[in-house]
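# Working through the structure, step by step
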Amino acid sequence: METITPIDSRDEQDETHMTPVSATALRDAMGHFLTGVTIVTTRGVGEPYGLTVNSFNSVSLDPPLILWSLDLGHDRGDLFRQAGGFTVNVMGSDSDCEELIRIFARTDTERFSGADWHWGPSGQPVLACAIASLECRLWAEYPGGDHVIFVGEVVNISTRDGQPSAYFKGQLSAFPS
Ligand SMILES: Cc1cc2nc3c(=O)[nH]c(=O)nc-3n(C[C@H](O)[C@H](O)[C@H](O)COP(=O)(O)O)c2cc1C
């Protein structure tokens, strides 16, 4: 006969037998999860801002919501709050797009001068390298440990043909066609 462990005693077992998960172990495990790569851009304050992000995911169809998370250590949250929105640019795999992915992940680099971009209908920057651009109004934000989770309401979409860039175990590659 199957024995069902009561939730209370399962909790006790967890506390006595589980060792805390390190940031390195979690990063390594998450590296096994294949993702696409985005550059999230915003009007910012005075000049556009953007960063490479792979924590992007869909949330809801009605209303149309997506999310991504921002490292609090970057101290960039107010740029998104003051702009009231952002664009999630799903990046293509051409070599110039991969170069942008690297540039937008590097600190202290001039990010937009080498990029082909324009202001989208919502007033947020849209990158020409994107195979899909989802312009969003900032809908909500939630605490997420050392990150803040931004939820955006999608207000405009543009797409183009092209292969996506993929990220796996710390490496960028073209998604096989
Ligand atoms: C593939 C990839 C995915 C990333 N995903 C995220 C993410 O989801 N959230 C985040 O805050 N930073 C992420 N980063 C790191 C940021 O891109 C990087 O720290 C940021 O550009 C630093 O910007 P700053 O110099 O303006 O603070 C990612 C980097 C790479 C290479």
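Quick caveat: nothing in here was measured; it's all calculated off a predicted structure. The numbers attached to residues start from 1 for each chain and follow its sequence in the written order. Only residues with pLDDT of at least 70 are given local features in this predicted model, and only at 80 or more are side-chain atom pairs given and counted; all residues enter the totals for whole chains, interfaces and linings. Water and hydrogen atoms play no part in the side-chain values, which are based on all heavy atoms of the structure.

The next subject is the site of the ligand. Any residue with a heavy atom positioned within 4 Å of a molecule or strand is treated as near that molecule or strand. Near the ligand lie 16 residues; those nearest to it are Y49, T52, S55, D71 and F104. Contact between the ligand and F104: an oxygen atom at 2.8 Å from a main-chain N or O atom of the residue. Interatomic distance of 3.1 Å between a side-chain N/O atom of T107 and an oxygen atom of the ligand. Only DSSP runs of H or I with at least four residues qualify as helices, and only runs of E with at least two residues qualify as strands; both kinds are numbered from the N terminus onward. Within the residue set of the shell around the ligand, elements represented by two or more residues are β3 (49-53) and β5 (65-71). Tallying contributions element by element places β3 first for the shell around the ligand, with four residues. The definition of a polar contact used here is a pair of N or O atoms within 3.5 Å, where within protein one atom must be able to donate a hydrogen and the other to accept one, and adjacent residues in sequence count solely through side-chain atom pairs.

Below, the discussion takes up the state of the cysteines. By convention in this document, the label disulfide applies to cysteine sulfur atom pairs within 2.5 Å. In total, this model carries one disulfide according to the counting rule given. C97 shares a disulfide with C129; S-S distance 2.3 Å. Residues C97 and C129 are joined by a disulfide whose S-S torsion is about -90°; by sign, that bridge is left-handed. Of this pair, C97 sits in helix α4 (residues 95-103) while C129 sits in the loop between β8 (125-127) and β9 (130-144), placing them 32 residues apart in sequence. Take C97: its relative accessible area is 0%, and that puts it in the buried class. For C129, a relative accessible area of 9% corresponds to the buried category. You can see C136 has no disulfide; the closest cysteine sulfur is in C129, sitting 19 Å from it. Judged by its relative accessible area of 3%, C136 falls in the buried class. Each residue is placed in one exposure class: buried if its accessible area under a 1.4 Å probe, protein chains only, is under 20% of its type's maximum, exposed if it is over 50%, and partly exposed if it falls in between.

This paragraph deals with α4. Listed in full, the buried residues belonging to α4 are C97, E98, L100, I101 and I103. Here a residue-residue contact requires only that any non-hydrogen atoms of the pair lie within 4.5 Å. For α4, the secondary structure elements touched by its buried residues are β2 (38-42), β3, β6 (85-91), β11 (165-168) and β12 (171-174).

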